[in-house]
Amino acid sequence: MDKIHIIDHPLIKHKITKLRMESTGTSEFRKLVEEIAMLMGYEALKDLKTKDIEIKTPIEDTIQPVIDGKKIAVVPILRAGLGMVNGILSLVPNAKIGHIGMYRDEETHVPHPYYCKLPPFISERLVLVVDPMLATGGSLVDAVDEIKKQGGKNIKCICIIAAPEGLSFFNKKHPDVDLYVGAVDRCLNNNAYICPGLGDAGDRIFGTK
Ligand code: PRP
Ligand code: URA
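In this text, all values refer to a predicted model and were calculated from it rather than measured experimentally. (Residues numbered from 1 in each chain as written. Chains lettered and ligands numbered in written order. Predicted model: local features only at pLDDT ≥ 70, side-chain atom pairs only at ≥ 80, totals over all residues. Heavy atoms only, no water.)

Peer 1: For this particular structure, what's the right way to read the site of ligand 1?
Peer 2: Around ligand 1, the structure places 17 residues, and the nearest of them are Arg104, Asp131, Thr136, Gly137 and Ser139. A distance of 2.7 Å separates an oxygen atom of ligand 1 from a polar atom in the side chain of arginine 104. Within the side chain of threonine 136, an N or O atom sits 2.6 Å from an oxygen atom of ligand 1. Protein contact buries 91% of the 500 Å² of open area that ligand 1 shows by itself. Elements supplying a minimum of two residues to the shell around ligand 1: strand S4 (72–78), strand S6 (99–104), strand S9 (133–134) and helix H4 (138–149). Split by residue class, the shell around ligand 1 holds eight nonpolar, five polar and four charged. (Near = heavy atom within 4 Å. Polar contact = N/O pair within 3.5 Å; in protein donor to acceptor, adjacent residues only side chain to side chain. Areas by Shrake-Rupley, 256 points an atom, 1.4 Å probe, with all protein chains shown as cover. Helix = DSSP H or I, 4+ residues; strand = E, 2+ residues; numbered from the N terminus. Nonpolar A, V, L, I, M, F, W, Y, C, P; charged D, E, K, R; others polar.)

Peer 1: Is there a simple way to think about the packing of aromatic side chains in this case?
Peer 2: Each pair of aromatic rings is reported with the distance of its centres and the angle of its planes. Evaluated as defined, the whole model comprises one aromatic pair. Ring geometry for tyrosine 103 versus tyrosine 114: centroids 6.1 Å apart, planes at 40 degrees, classification tilted. Of this pair, tyrosine 103 sits in strand S6 while tyrosine 114 sits in strand S7 (residues 111–117), placing them eleven residues apart in sequence. Residue classification places tyrosine 103 among the partly exposed positions, given a relative accessible area of 46%. Judged by its relative accessible area of 45%, tyrosine 114 falls in the partly exposed class. Above the face of the tyrosine 193 ring, arginine 104 is positioned so that its terminal group lies 5.5 Å from the ring centre. (Phe/Tyr/Trp six-rings, centres within 6.5 Å; stacked < 30°, edge-to-face > 60°. Buried < 20%, exposed > 50% of the residue type's maximum accessible area, 1.4 Å probe, protein only. Lys NZ or Arg CZ within 6 Å of the ring centre and 35° of its normal.)

Peer 1: Help me understand the site of ligand 2, please; the structure alone is not making it clear to me.
Peer 2: Taken together, Arg104, Met133, Ala135, Ala192, Tyr193, Ile194, Gly199, Asp200 and Ala201 form the complete shell of residues around ligand 2. One of the backbone nitrogen or oxygen atoms of alanine 201 is found 2.8 Å away from an oxygen atom of ligand 2. Its residues placed into classes, the shell around ligand 2 shows six nonpolar, one polar and two charged.

Peer 1: Is there a simple way to think about the nonpolar core in this case?
Peer 2: Most often, soluble globular proteins have nonpolar side chains that are buried together. The biggest cluster of nonpolar side chains holds 36 residues, and the ones touching the most others in it are Leu19, Met40, Ile88, Ile158 and Ile160. Listing elements by their share of this core, those giving two or more residues are helix H1 (10–20), helix H2 (26–44), S4, helix H3 (82–89), strand S8 (126–130), strand S10 (154–162), strand S11 (178–184) and helix H6 (201–206). Top element by residues in this core is H2. It accounts for seven residues. If you look at the next biggest cluster of nonpolar residues, it comprises 25 residues, including Ile77, Ile122, Ala162 and Val181. (Core = buried A, V, L, I, M, F, W, Y, C linked by side-chain atoms within 4.5 Å.)

Peer 1: Sorry if this is basic, but what is going on with the side chain of histidine 174 here?
Peer 2: In this fold, histidine 174 is placed in the loop between helix H5 (164–173) and S11. Note on histidine 174: relative accessible area 2%, which makes it buried. Separated by 2.8 Å, the side chains of histidine 174 and lysine 148 make a polar contact. Once residues lying within four places of it in the same chain are set aside, the contact partners of histidine 174 are Val141, Val144, Asp145 and Lys148. (Contact = heavy atoms within 4.5 Å.)

Peer 1: Help me understand the pattern of salt bridges, please; the structure alone is not making it clear to me.
Peer 2: Pairing between side chains becomes possible if they bear opposite charge and their charged atoms approach one another. In total, this model carries 13 salt bridges according to the counting rule given. Note that glutamate 35 and lysine 31 form a salt bridge whose closest N and O atoms lie 3.3 Å from each other. Here glutamate 35 pairs with lysine 31, and both are found in helix H2, just four residues apart, close to one helical turn. Using a relative accessible area of 22% as the deciding quantity, one classes glutamate 35 as partly exposed. (Salt bridge = Lys/Arg side-chain N within 4 Å of Asp/Glu carboxyl O.)

By themselves these figures say nothing about function.
Printed below as a string of structure tokens:
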């Protein structure tokens, strides 16, 4: 599983612990999701390609590197992935945004796609798929299937908390895709929720429960 990157950083661990707490309210939860996404994005983007441009410092002309934000697409899996978008955009403000709508059937836990709109020239972009939770892995596997179907070739995924079951399923289905994870939890419960997890990420971000 050399494409699975478990990010080991005290700031990320600290913020994930606060995210898990039942006592963390909606506005703090949103802020934490955004901050963690930014910290994880920093790690996931460390091999970003740069191009050299000519600039002028107060001292002299020089050639220096900049990143090409036009070549990046951030794709949140709705709804909870939306909470991570601004964190990534704080790093790459010129990135384009796609959306993939997916909800899990409460009984079968099978994901159902309901929306997909990706930016143009997807095959030329680095596509960063974001979703806070990787439980069975079904939603992320289907989202990456769809992005590949539409031409995506260079895809990375960022999930804040993952279950071991979801990690192995994802890696089996998409062994070529890098997956960045902030914490690997113990297991899934009978409702396919991550234990200890943080509950329902979408509901906690949007205050719907
Ligand atoms: C959650 C989460 C993931 C999915 C993970 O979304 O944000 O997309 O479940 O579960 P899986 O790995 O077993 O597929 P949910 O379906 O609850 O939709 P929501 O974000 O709209 O609440
Ligand atoms: N989706 C969530 O929001 N939380 C889980 O624990 C599993 C799936």
